[in-house]
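Read off the chains here:
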Amino acid sequence: MCIYHGDLRSVLREVEVDQVWMILLSVTGSHYFEDCSGRRRKRRDALYESIDYLHDDIAENIIEYLTPDQIIQFLQLQDDEGEKYLYSLQLHTNSRSSLELRMILYRLPEVSQRYEVLSIRDESGQTVLHRTAKKEILDSLESQELCFQLLSTQDNKGQTAMFTLWSLSDLKSALDSVTVEQRLTLINMRDNEGQTAAEYHHRRINDEQSDRWRSEARATLAVIEYYRREARIQIVMSTHDDDGECDNSIT
């Protein structure tokens, strides 16, 4: 059945937080049903449906009435196909749904809790930062080291966010969130096939059939090469000694 607008806030005020938690847990599942448009879909709970139908006010109310520990536990749940709730919700796929992810991060008072949410992996071994690395999300970690730890996380193919981020603004945000040395490390990391992100995207230019995807690969490669060049220059300048000699070992 479809979700209709209602005064959910007033309803939630009438029940205890633990009861809201139990209600959410009791209806989480994956039984198939037909939605308003006749599509065969998996039944989800109220939070999932409110995000799916873009009812931000309802989603915000539900998130508000869960404790930080309950939010973390809820996002770790798996559906019948083994996918964790964080990824079942597709909170990372577009700017609209990432609003709810920012709501969730805002509700978690400790950096360690926000790190725990962002480090949750999907079935392919990817974290949210493999899909989106918006500045607000990275800023929630309040640490270049924590940003680096997550951005250097390799999925089942050995790929980091440098391989998988499709948004140029997200890629730039990711590279700007770490130190110069960490930036160069990220750019030089290799996947299971032994290729760096630059080599991977260069191969995509040759292999992709779609002009759109080839254009995306070229743009991504250009960003990575720019940041590699700038990082090398900054490191060389920082290691320049008093005699005018510099360290040429940086690659």
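A brief structural summary. Owing to the predicted nature of the structure, the values given are computational and were not obtained by experimental measurement.

## Observations regarding the layout of surface pockets
Quantified by volume, the second largest pocket comes out at close to 240 Å³. Lining the second largest pocket are 17 residues, with K157, Q159, F163, T164 and Y200 sitting closest to its centre. Where the lining of the second largest pocket is concerned, the elements lending two or more residues are α11 (161–164) and α14 (197–207). Top element by residues in the lining of the second largest pocket is α14. It accounts for 4 residues. For the lining of the second largest pocket, the per-class residue count stands at 4 nonpolar, 6 polar and 7 charged.

## Regarding empty space enclosed by the protein
Over the atoms rolls a probe the size of a water molecule, and its path tells where empty space is left. Enumeration over the complete set of coordinates arrives at 1 cavity of 30 Å³ or more. By volume, the largest cavity is sized at about 40 Å³. Taken together, L47, I63, L66, I71, F74, L75 and I104 make up the full set of residues lining the largest cavity. The class makeup of the residues in the lining of the largest cavity is 7 nonpolar, no polar and no charged.

## Comments concerning the packing of aromatic side chains
On inspection of all chains with the given rule, the structure shows 2 aromatic pairs. The residue whose ring lies beneath R212 is W213, and the NZ or CZ to ring-centre distance is 4.6 Å.

## Description of the environment of R190
Here R190 lies in the loop between α13 (180–188) and α14. Along the backbone, R190 and Y200 are 10 residues apart, and their C-alpha atoms lie at a distance of 9.3 Å. Within the structure, R190 has its side chain in polar contact with the backbone oxygen of G194 (distance 2.8 Å). In this structure the side chain of R190 is engaged in a polar contact, spanning 3.1 Å, whose partner is the side chain of E199.

## Section: the side chain of D191
The residue D191 is located in the loop between α13 and α14 in this model. No salt bridge is formed by the buried D191, whose closest oppositely charged neighbour, R203, lies at an N-O distance of 6.2 Å. Side-chain polar atoms of D191 contact the backbone nitrogen of E193, separated by 2.9 Å. Separated by 2.9 Å, the side chains of D191 and Q195 make a polar contact.

Cut-off values and rules
- Residues numbered from 1 in each chain as written.
- Predicted model: local features only at pLDDT ≥ 70, side-chain atom pairs only at ≥ 80, totals over all residues.
- Heavy atoms only, no water.
- 1 Å grid on protein atoms, 1.4 Å probe; cavity = no way out; pocket = protein on both sides within 12 Å on 5 of 7 lines; lining within 4 Å.
- Points joined across faces, edges and corners; volume = space filled by probe spheres on them.
- Helix = DSSP H or I, 4+ residues; strand = E, 2+ residues; numbered from the N terminus.
- Nonpolar A, V, L, I, M, F, W, Y, C, P; charged D, E, K, R; others polar.
- Phe/Tyr/Trp six-rings, centres within 6.5 Å; stacked < 30°, edge-to-face > 60°.
- Lys NZ or Arg CZ within 6 Å of the ring centre and 35° of its normal.
- Polar contact = N/O pair within 3.5 Å; in protein donor to acceptor, adjacent residues only side chain to side chain.
- Buried < 20%, exposed > 50% of the residue type's maximum accessible area, 1.4 Å probe, protein only.
- Lys, Arg positive; Asp, Glu negative; His and termini not counted.
- Salt bridge = Lys/Arg side-chain N within 4 Å of Asp/Glu carboxyl O.

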